[in-house]
Amino acid sequence: MSIASEIARLHGELPAGVTLVAVSKFHPVEALREAYDAGQRIFGESRPQEMCAKREQMPADVEWHMIGHLQTNKVKYIAPFVSLIHSVDSERLAAEIERQAERCGRTIEVLFEVHLAEEESKSGWDAAELLAWAESVDFATRLPHIRPRGLMTIGTLTEDVELNRREFVRLRELFEQLRPRFGEQFDTLSMGMTSDYHEAIECGSTMVRIGSMIFGERE
Ligand SMILES: *Cc1c(COP(=O)(O)O)cnc(C)c1O
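A.B. asks: Would you mind going over the site of the ligand with me for this structure?
C.D. replies: Lining the immediate surroundings of the ligand are Val23, Lys25, Ile67, Ile154, Met193, Thr194, Arg209, Ile210, Gly211, Ser212 and Arg218. Taken by itself the ligand offers 390 Å² of open surface, and the protein chains cover 89% of this. Of the pockets mapped on this structure, the ligand occupies the largest pocket. Looking at side-chain class alone, the shell around the ligand contains five nonpolar, three polar and three charged residues.

A.B. asks: I'm lost on helix α3 (residues 48-57) in this one. Help?
C.D. replies: A turn of α-helix holds 3.6 residues, and therefore any two residues three or four places apart point the same way. Every buried residue belonging to α3 is among Pro48, Glu50, Met51 and Lys54, and all of these are buried. The buried residues of α3 occupy an angular sector of 160° when the element is viewed end-on, so they sit on one face. Against the buried residues of α3 lie α2 (29-37), β2 (42-45), β3 (63-66) and α4 (75-78).

A.B. asks: Mind showing me how you'd approach unusual backbone geometry here?
C.D. replies: One non-glycine residue with positive phi stands out, namely phenylalanine 26, at about 70°. Along the chain, phenylalanine 26 turns up in the loop between β1 (19-23) and α2.

A.B. asks: Would you explain the packing of aromatic side chains in this entry?
C.D. replies: Here a ring pair, both rings aromatic, is described through the centre-centre distance and the interplanar angle of the planes. Within the structure shown, the criterion is met by nine aromatic pairs. Ring centres 6.1 Å apart and planes at 40° place the aromatic pair phenylalanine 112 and phenylalanine 182 in the tilted group. Of this pair, phenylalanine 112 sits in strand β5 (residues 108-113) while phenylalanine 182 sits in helix α8 (residues 161-182); the two residues are 70 residues apart in sequence, bridging distant segments of the chain. An angle of 80° between the planes, with centres 5.4 Å apart, marks the rings of tryptophan 133 and phenylalanine 139 as edge-to-face.

What counts, and at which threshold
Residues numbered from 1 in each chain as written. Predicted model: local features only at pLDDT ≥ 70, side-chain atom pairs only at ≥ 80, totals over all residues. Heavy atoms only, no water. Near = heavy atom within 4 Å. Areas by Shrake-Rupley, 256 points an atom, 1.4 Å probe, with all protein chains shown as cover. 1 Å grid on protein atoms, 1.4 Å probe; cavity = no way out; pocket = protein on both sides within 12 Å on 5 of 7 lines; lining within 4 Å. Sits in = over half its atoms within 2 Å of the grid points. Nonpolar A, V, L, I, M, F, W, Y, C, P; charged D, E, K, R; others polar. Buried < 20%, exposed > 50% of the residue type's maximum accessible area, 1.4 Å probe, protein only. Helix = DSSP H or I, 4+ residues; strand = E, 2+ residues; numbered from the N terminus. Arc of directions from axis to C-beta. Contact = heavy atoms within 4.5 Å. Phe/Tyr/Trp six-rings, centres within 6.5 Å; stacked < 30°, edge-to-face > 60°.

Right, dumping it as structure tokens:
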């Protein structure tokens, strides 16, 4: 299927209340244009330089989402324009986003990335750590230029959909626990990729990040 027809199919298939992030990392800007022409406006990238380069070649109404691990020294490149950072995985990164957002005179919307998968290599908060930190920080005074919108997780890469389902249910439970802390604005659960987005939606996902199903295999 073409990029345009995959976008149209997904827009038709996803339930109301589930936002599609088209994960375009490693794909050329022509591929993003085809998705844009089919109506897609939200694109996910994993590397700041690549995001900045593509942004210069794409229409101004694209919303850019950072989904990959973000080094603190790279925040400054995307702070002026990024719409949502899905991958806030440490206190240090949150502090740097605060600093750069203030410099730009913006408030930056963020998700906290939670590590639920078994693999040691994945980044993200441990659930208990995130709960303790969120309770202890006064966001209004310490991080006033950050707007927490919700949580993100990367499911274990596995054929075992029941394992993915358990991870997604745990993320939703953590989300419900944190909600009173952040209120109405805390409304986003970013979970589900090409291989597991059906399970993620069944478990309450409000935002799916789909790459290879739309754009094909990455180089
Ligand atoms: C690459 C990536 C995706 C997209 O994965 P696909 O399997 O190609 O759909 C989603 N989320 C994150 C964080 C990614 O790095």
